[in-house]
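As a plain string of letters, each chain reads:
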Amino acid sequence: MITRLLFLIMLLPVAATAGGGIVEAEYGTDVDVYPHRIMGDVFEKQELRVVDADGVTHSLTLRDNVFEDIEPRVADMDGDGLGDVVVVETDVNLGASLAIYSLGPDGLFKLAATAHIGRAYRWLAPAGIADFDGDGQNDVAYVETPHLGKVLRFWTMRNGKLVEIAAASGLTNHRIGEEAISGGVRDCAGAVEVITANGDWSRVFATKMVDGGLKFTDLGRYSAQAMTDALVCR
């Protein structure tokens, strides 16, 4: 009787899982419900599609908000060893926020997000994902209002929430109408730094976290080539 019962239990269907986390992500088709056009001809999106480690595709479509972004970025943000996806999600009345989506048994869900900036047509430009503070977990950096406030902010996941760990003004990585975000993250001999321009696009700067604070290095006169050279540690 016990043997027969164990056999029947083994035959019961197993609940679907998230397939080992997200390994690929993309946005769906263009929408025109929030005519900001801060990235030139890059339109906003409302659908997020991801592929899990088992090759299964999952999707989510926003109702009122939009993804005001160039591309979604896959990284393990909560330290569980599984891929999440980092996006710029904009409320049409309150502006942009940085959001992290993950996979659960019921599909995609919002794991955490920063507060929206507070006004329509206020945007943020992701600067990179890396372990900036050296604690073994990924952090994310972005420039809030890169055409106005020009504030570089660093965030990490703690107790299920995004927490700001550092910030500095006077740095930027995007100009109005450009269809790409400049700069990014570099790792030169173990020093993980964010590469941006300064506020007036005259200089290239490297910013890194040191003992909970930020250290800035002026890498020279700005040009597109200088930015590229900085990213490859030249």
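Residues numbered from 1 in each chain as written. Predicted model: local features only at pLDDT ≥ 70, side-chain atom pairs only at ≥ 80, totals over all residues. Heavy atoms only, no water.

Visitor: Before we go on, may I ask you to explain the state of the cysteines in this structure?
Guide: Note: disulfide means a covalent bond formed between the sulfur atoms of two cysteine side chains. This model, assessed by the stated rule, comprises 1 disulfide. Here C188 pairs with C233 through a disulfide, and the sulfurs are 2.0 Å apart. In this structure, the disulfide formed by C188 and C233 twists by about -95° around the S-S bond and is classed as left-handed. Taken together, the residues span a long stretch of sequence, with C188 in strand 16 (residues 184-188) and C233 in the segment after helix 2 (224-231) at a distance of 45 residues. A residue is classified by how much of its surface remains accessible, and C188, at 19% relative accessible area, is buried. (Disulfide = S-S within 2.5 Å. Helix = DSSP H or I, 4+ residues; strand = E, 2+ residues; numbered from the N terminus. Buried < 20%, exposed > 50% of the residue type's maximum accessible area, 1.4 Å probe, protein only.)

Visitor: Got a minute to help me understand the environment of A25 in this structure?
Guide: By secondary structure assignment, the location of A25 is in strand 1 (residues 22-27). Sequence separation of A25 and V85 is 60 residues, and the distance between their C-alpha atoms is 7.2 Å. If sequence neighbours within four positions are ignored, A25 has contacts with R49, V50, P72, V74 and V85. (Contact = heavy atoms within 4.5 Å.)

Visitor: Sorry if this is basic, but what is going on with the pattern of salt bridges here?
Guide: When the charged atoms of two side chains lie near each other, side chains of opposite charge can form a pair. Counted according to the given criterion, the structure contains 13 salt bridges. Where K45 meets D30, a salt bridge forms, and the shortest distance between an N and an O atom there is 3.2 Å. Taken together, the residues span a long stretch of sequence, with K45 in strand 3 (residues 44-45) and D30 in strand 2 (residues 30-31) at a distance of 15 residues. With a relative accessible area of 12%, K45 lands in the buried category. Ionic pairing is found between D218 and R203, a salt bridge with its closest N-O pair at 3.2 Å. Of this pair, D218 sits in strand 19 (residues 213-221) while R203 sits in strand 18 (residues 203-210); the two residues are 15 residues apart in sequence, bridging distant segments of the chain. When its relative accessible area of 28% is taken as the criterion, R203 is described as partly exposed. The network of salt bridges with shared partners includes E26, E47 and R49. (Salt bridge = Lys/Arg side-chain N within 4 Å of Asp/Glu carboxyl O.)

Visitor: Explanation requested: the confidence of the model for the protein chain in the structure shown.
Guide: Any segment with low pLDDT has predicted coordinates that should not be analysed in fine detail. On average, residues of the protein chain score 91 in pLDDT, and 92% of them reach the 70 mark or higher. The model gives residues 1-18 a pLDDT under 50, and that stretch makes 4 contacts with residues more than four places away or in other chains. (pLDDT = per-residue confidence, 0-100.)

Visitor: What am I meant to see in the pairing of strand 13 (residues 151-158) here?
Guide: Every regular strand shows the same layout, with side chains that alternate between the two sheet faces. Burial analysis of strand 13 places 7 of its 8 residues in the buried class, which makes it a mostly covered element. By the bridge criterion, 6 bridges tie strand 12 (residues 139-144) to strand 13 in an arrangement that is antiparallel. Its bridge partner being in strand 13, V140 is matched across the sheet by W155. In sequence, strand 12 turns back onto strand 13 through a hairpin of 6 residues, with T145 there showing a positive phi of about 40°. Direction of pairing for strand 13 relative to strand 14 (residues 161-169): antiparallel, over a ladder of 8 bridges. Across the sheet, the residue bridging to L152 is A168, located in strand 14. Between strand 13 and strand 14, which pair antiparallel one after the other, the connecting turn spans 2 residues, and N159 there sits at a positive phi close to 50°. (Pairing = 2+ DSSP bridges.)

Visitor: Quick question: what am I supposed to make of the environment of L219 here?
Guide: Tracing the backbone through its elements, the reader meets L219 in strand 19. According to the relative accessible area criterion, L219 is partly exposed, its value standing at 37%. Sequence separation between L219 and G107 is 112 residues, and the spatial gap between their C-alpha atoms is 44 Å. Contact partners of L219, with chain neighbours within four places excluded, come to R186, I195, V204, F205, A206 and A230.

Visitor: I'm lost on the packing of aromatic side chains in this one. Help?
Guide: Enumeration over the complete set of coordinates arrives at 6 aromatic pairs. Pairing Y34 with Y121 gives two aromatic rings, centres 5.0 Å apart and planes at 15°, and the pair type is stacked. A residue pair is termed long-range when its members are at least 10 positions apart, and Y34 in the loop between strand 2 and strand 3 and Y121 in the loop between strand 10 (107-113) and strand 11 (124-130) qualify at 87 residues. Of the residues examined, Y34 reaches a relative accessible area of 1% and is grouped as buried. A centroid spacing of 6.2 Å and a plane angle of 15° characterise the contact between Y142 and W155, whose relative ring orientation is stacked. (Phe/Tyr/Trp six-rings, centres within 6.5 Å; stacked < 30°, edge-to-face > 60°.)

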